[in-house]
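Results of the structural survey
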Amino acid sequence: MSEERINLRKNPSRKECEKVIKKILMTEVLERGTNQHFKTASDFMNYFQSLYPASDSLTKQVQRAVKSLGMPKDEKGYFIINKTEEQLGQDKEISFLMKKTNSQLVPFENYESLFLKCDSKHKDYLYQLLSESETFADKIITMINSSHGIILFTNNKQQLEIMINSLIDR
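None of these values were measured; they are calculated from a predicted model.

**Thoughts on the pairing of strand β2 (residues 142-146)**
- In this sheet, strand β3 (residues 149-154) lies alongside β2 in antiparallel orientation, the contact comprising five bridges. The residue of β3 that forms the bridge with Ile144 is Ile151.

**Looking at the sheet that holds β2**
- Read from one edge to the other, the open sheet built from three strands follows the order β1-β3-β2, with strand pairing classed as antiparallel. A strand with exactly one partner marks an edge of an open sheet, and here the two such strands are β1 (112-117) and β2. With direction set aside, neighbouring strand axes in the sheet form an average angle of 20°.
- Note: β1 against β3, six bridges, orientation antiparallel. Residue pairing across strands places Lys117 opposite Gly149, the latter belonging to β3.
- Lying over the sheet, helix α6 (residues 123-132) contacts β1, β2 and β3, oriented at roughly 175° with respect to β2.
- Across the sheet, helix α7 (residues 157-168) is in contact with β1 and β3; its angle to β1 comes to roughly 15°.

**Side note on unusual backbone geometry**
- Even without being glycine, Asn82 reaches a positive phi, approximately 65°.
- Summarising the element assignment, Asn82 is placed in the loop between α4 (56-69) and α5 (85-100).
- With a relative accessible area of 57%, Asn82 lands in the exposed category.
- The phi torsion at Asn102 lies on the positive side, around 55°, for a residue other than glycine.

**Some remarks on the packing of helix α2 (residues 14-32) against α4**
- For the pair α2 and α4, the least separation of the axes is 8 Å and the interaxial angle reads 70°. With respect to α4, the axis of α2 lies roughly perpendicular. α2 and α4 meet at a crossing whose hand is right-handed. Judged by residue contacts, Arg14, Cys17, Glu18, Ile21 and Lys22 of α2 engage Gln61, Val62, Arg64, Ala65, Val66, Ser68 and Leu69 from α4.

**A few points about the confidence of the model for the protein**
- Per-residue confidence for the protein averages 90 on the pLDDT scale, and 95% of its residues sit at or above 70.
- Confidence scores differ between elements of the protein, with helix α1 (residues 2-9) showing the lowest mean pLDDT of 48 and β3 the highest of 96.
- Per-residue pLDDT stays below 50 along residues 1-6; that stretch engages in zero contacts with residues further than four places along the chain or on separate chains.

**What about the nonpolar core?**
- Judged by nonpolar contacts, the single largest core of 17 residues is most densely connected at Ile21, Leu25, Phe44, Phe48, Val62 and Phe79.
- Elements with a minimum of two residues in this core: α2, α3 (45-51) and α4.
- Every residue in contact with Phe44, bar those within four places of it in the chain, is listed here: Ile21, Ile24, Leu25, Phe38, Val62, Val66 and Phe79.
- Counting 11 residues, the second-largest nonpolar core is a separate cluster that includes Phe136, Met143, Leu152 and Met163.

**Re the side chain of Thr154**
- For Thr154, the position within the fold is in strand β3.
- What makes Thr154 buried here is its relative accessible area of 0%.
- A polar contact is formed between the side chain of Thr154 and the backbone nitrogen of Asn156, at a distance of 3.1 Å.
- Excluding anything up to four places from it in sequence, Thr154 contacts Tyr111, Glu112, Lys139, Ile141 and Leu160.

Here is what the cut-offs are and how they apply
- Residues numbered from 1 in each chain as written.
- Predicted model: local features only at pLDDT ≥ 70, side-chain atom pairs only at ≥ 80, totals over all residues.
- Heavy atoms only, no water.
- Pairing = 2+ DSSP bridges.
- Helix = DSSP H or I, 4+ residues; strand = E, 2+ residues; numbered from the N terminus.
- Axes fitted to C-alpha atoms, helices over the stretch in contact; angles between N-to-C directions.
- Contact = heavy atoms within 4.5 Å.
- Buried < 20%, exposed > 50% of the residue type's maximum accessible area, 1.4 Å probe, protein only.
- Parallel < 35°, antiparallel > 145°, perpendicular 65-115°, else oblique.
- Left-handed = near helix turned anticlockwise from the far one by under 90°.
- pLDDT = per-residue confidence, 0-100.
- Core = buried A, V, L, I, M, F, W, Y, C linked by side-chain atoms within 4.5 Å.
- Polar contact = N/O pair within 3.5 Å; in protein donor to acceptor, adjacent residues only side chain to side chain.

Next up, the structure:
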């Protein structure tokens, strides 16, 4: 038992500190949805000092661990767990473009689908014509070019089906 106590009171390695810091931040994100408490290495010290005796070496070890993790910070200065600076940059660019393009997340259940089966020889040209068509502009929400035809999504399947059949039967 005394040997276990000695091991518990020994300062943790940098790797152990990294694991604990990640665990603390993941718990914070799971409980609150975002990190709202940890901006610097010193913010983790209360936790580490509850397990290990306070010392300069413990402080330095926690600082090394935070630096080694290389975590980016959000706009308020809080650490972001499980993202690199590059990922954060990509996320910012995606966010910028989503705002610029007025993006909206629309439930897919709101749309009905039709499969326009066609030979592959002229399928790409037909896809292009449908995507540029003023006649179909308000009927087709989106299309997917597939291996044996075109998948059409609409919010009025019956009307689109009638229009397509009238062109096929001409």
